[in-house]
Amino acid sequence: MSNDAATAEAEGTAETATPVPEPIPHGLGASLPPADARAKTEGTFPYAADLWAEGLLWAAVLRSPHPHARIVSIDTSHARDMPGVRAVVTHEDVPGTPLHGRGGHADRPVFASDVVRHHGEPLAAVAADHPDTARMAAAAVIVEYEVLDPVTDPEQAFEAEPLHPDGNLIRHIPLRHGDPEAAGEVVVEGLYRIGRQDPAPIGAEAGLAVPRPDGGVELYLASTDPHGDRDIAAACYGLSPEQVKIVVTGVPGATADREDQGFQLPLGLLALKTGCPVKLTATREESFLGHTHRHPTLLRYRHHADAEGRVVKVEAQILLDAGAYADTSSDALAAAVAFACGPYVVPNAFIEGWAVRTNNPPSGHVRGEGAMQVCAAYEAQMDKIAKKLGLDPAEVRLRNVLATGDVLPTGQTVTCPAPVAELLQAVRDFPLPALPKDTPEDEWLLPGGPEGAGEPGAVRRGVGYGIGMVHMLGAEGADEVSTATVKVQNGVATVLCAAVETGQGFTTLARQIVQETLGVDEVHVAPVDTDQPPAGAGCRGRHTWVSGGAVERAAKMVRTQLLQPLAHQFGMSTELLQIADGKITSYDGVLSTTVAEALDGKELWATAQCRPHPTEPLDEAGQGDAFVGMAFCAIRAVVDVDIEIGSVRVVELAVAQDVGRVLNPAQLTARIEAGVTQGVGIALTENLRTPRGLIRHPDLTGYALPTALDTPDIRIVKLVEERDVVAPFGAKAVSAVPVVASPAAVASAVRAATGRPVNRLPIRPQAAVATGT
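One structure accompanies this document, and this report is about it. Here the structure is a predicted model, which is why all the values come from computation and not from measurement.

### Observations concerning the sheet that holds strand β3 (residues 85-89)
And step 1. If you walk across this open sheet you meet the 7 strands as β3-β7-β1-β14-β11-β12-β13, and the pairing is mixed. The open sheet terminates on both sides in strands that have one partner only, identified here as β3 and β13 (244-248). Averaged over all adjacent pairs, the angle separating strand axes in this sheet is 20°, with direction ignored.
And step 2. Sheet analysis places strand β1 (residues 57-63) next to strand β7 (residues 122-128), joined by 6 bridges and oriented antiparallel. By the bridge assignment for β7, R63 is matched with P122.
And step 3. Along the sheet, helix α4 (residues 131-140) makes contact with β1, β3 and β7, crossing β1 at roughly 25°.
And step 4. Taken strand by strand, helix α5 (residues 226-237) contacts β12 (217-221) and β13, and its axis lies near 145° from that of β13.

Quick look at the structure:
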């Protein structure tokens, strides 16, 4: 055959050959795609708002228009008499414990009875045949109020009349570490304010309650803590926990507490009273009024440093506005006080922290709570030290950074990897982005966009830094435990674990763990409900650590069951056998078989728990080993600021992060980018305004979320994989710490561009106008 003929035959074969499919990512370290990615992309994924049941009724909740008022009377007769209305419930219809709440604080009523404590507090709920009828009936409930002056300034809460039977002070933490007489050659001070950020979930908050024949109720919710929600609901309904079941529906992302219990609990009451399924889909306004927000915070700081820029002492006062109820404010305050000095070595620290009740909307868990607020303040202080000493801001930070083996102001030794210096050096040395050209074609690069009012000559570029730290899992003695079951039958593995997939990727991780451990390709994660053992809330990276650890232990137990007969047959221990690429082989090559052959006809299963080492509460001096582990992140921000009109454009954010181990590269990258983007919103746009306690513009028009056009170039320049030996797989939480560090970095960059102090987040235009312009 000639060369030409051979080439033609090869080309013909190439044209007709069936393309070889790319191998599917497998096991830990691979970018395994989420199992529900296709359904979500096509719009067929079932969220809570999509639920339906035969004989469905619709619910609506009446909420207070006042932030503070005494309830004189509630008249539901007009609503009850409306055609189509099946039930109206108020505080009088709560048969069990009337209080609920998160974070161990049951201080919030299901319905206000005597006093309204915040704008949007529930007073009554209605079930009707049609959603419009339910809304009209809720509006027909007549409430007579005696309007009271609201307490909206947290500093006034100390002297104000008690807003709650438990008083206005939720918690006070005084931290004492080192010598109170220590002083430095340089002293810088600052007063900082952090605004109220709303989680602003894009997906509608919704739920369905279905009565059970045994007198109980099933709640179908996008819950992130199903067992916690079940226990609260059972107590309010006067039922045993076994009579209340929560089935977790699709969660459309969660950066905080996903559900407002102010409508979860009325749903069950209405279903029990009517004997019919009842559904509620919250409007955007109801979401803003109902769920918790990030704690607005007032911070006063004084840093002492020596002539080389090394911090000698930190003094700070931190005041968290909890709003009307405690929720998770105690936990947020503990994080704020413990991390008030940041990831820096501070030999002497004296911190006072308070969380107080006001008549503002309730505050609760939002990514990086407590740690985010103090990061903005302590990083501003580091910039002030650098400016006063004429030093490079990055260099001042490098002279103070924390490392493994150092001691926190709480007295806890940092035993986990803490490569803070490596992270900061990585972002500092990363090449800066090119400057925009002063041409009409590149006007879009200017702050304000293509139609911006500014002039190119007024634009100044600034570079700033933010270094953040967060704790993982619960703290101060919280019992962090999760249970998982792994079953294998007919070559297919199933994972049962009550860890809710909130977008953090747990279900994907669980599949990867089982694939890695058992060599089984097809792995399913069962839907979550409270018939399964508890796994805890989906926050602070706990499901990667605790629930992932439980899945791994269960999978290893199944692995032993699988390998034991083979090991016995060949007279060796199971430790001498390995599973890889679907094959089981011995160390000496004598045994070689497939996982499928070994599993033939067998049904194997195991259940395991994971419980990290215990922690302890902070004592009366703010001392104690309160945290299981910590994660760190360094970010360099580059911004362009129009110093005449104060508009800011974030050009680039360079990120270096301590991740322990990369378990899913694509998923990890997405989590970091999402956290950074959320931080940009905190820095520049997101502020839920509440003049005199009233939520102003409770919609996505008045509340400015960053869009794709506002998102800067995000460069992940380094991921430090130094495994934490006490964590399963050695991995760390990744999504919260970028949220903590990025607002501080943006503020630092605006400071550098304008010469202004920038002591408030979000940054207002007037704060970005340079002095003398």
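### Remarks on the pairing of β7
And step 1. With 7 of 7 residues buried, β7 lies mostly within the body of the structure.
And step 2. Pairing between β3 and β7: 4 bridges, direction antiparallel. Its bridge partner lying in β7, V89 is registered against A125.

### Here's the deal with the packing of aromatic side chains
Aromatic rings in a pair are described by how distant their centres are and how their planes are angled relative to each other.
And step 1. Under the definition given, this model contains 6 aromatic pairs.
And step 2. Judged by centre distance (4.9 Å) and plane angle (65°), the rings of F45 and Y47 are edge-to-face.
And step 3. It is K40 that lies over the ring of F45; its NZ or CZ is 4.9 Å from the centre.

### Some remarks on helix α16 (residues 736-754)
And step 1. The end-to-end C-alpha separation of α16 is 29 Å, in line with the 27 Å expected for 19 residues at 1.5 Å each.
And step 2. Of all the 19 residues making up α16, 18 are buried; the element is thus mostly covered by neighbouring parts of the structure.

### Observations regarding the nonpolar core
And step 1. Residues Y301 and I584 are the most contacted members of the largest nonpolar core, which totals 161 residues.
And step 2. With 12 residues, α16 is the single largest residue contributor to this core.
And step 3. Beyond its immediate sequence surroundings of up to four residues, I584 is in contact with L562, L563, L566, L577, Q578, I579, L591, S592, T593, T594, V595 and A598.

What counts and what doesn't
- Residues numbered from 1 in each chain as written.
- Predicted model: local features only at pLDDT ≥ 70, side-chain atom pairs only at ≥ 80, totals over all residues.
- Heavy atoms only, no water.
- Pairing = 2+ DSSP bridges.
- Helix = DSSP H or I, 4+ residues; strand = E, 2+ residues; numbered from the N terminus.
- Axes fitted to C-alpha atoms, helices over the stretch in contact; angles between N-to-C directions.
- Contact = heavy atoms within 4.5 Å.
- Buried < 20%, exposed > 50% of the residue type's maximum accessible area, 1.4 Å probe, protein only.
- Phe/Tyr/Trp six-rings, centres within 6.5 Å; stacked < 30°, edge-to-face > 60°.
- Lys NZ or Arg CZ within 6 Å of the ring centre and 35° of its normal.
- Expected span 1.5 Å × (residues − 1).
- Core = buried A, V, L, I, M, F, W, Y, C linked by side-chain atoms within 4.5 Å.

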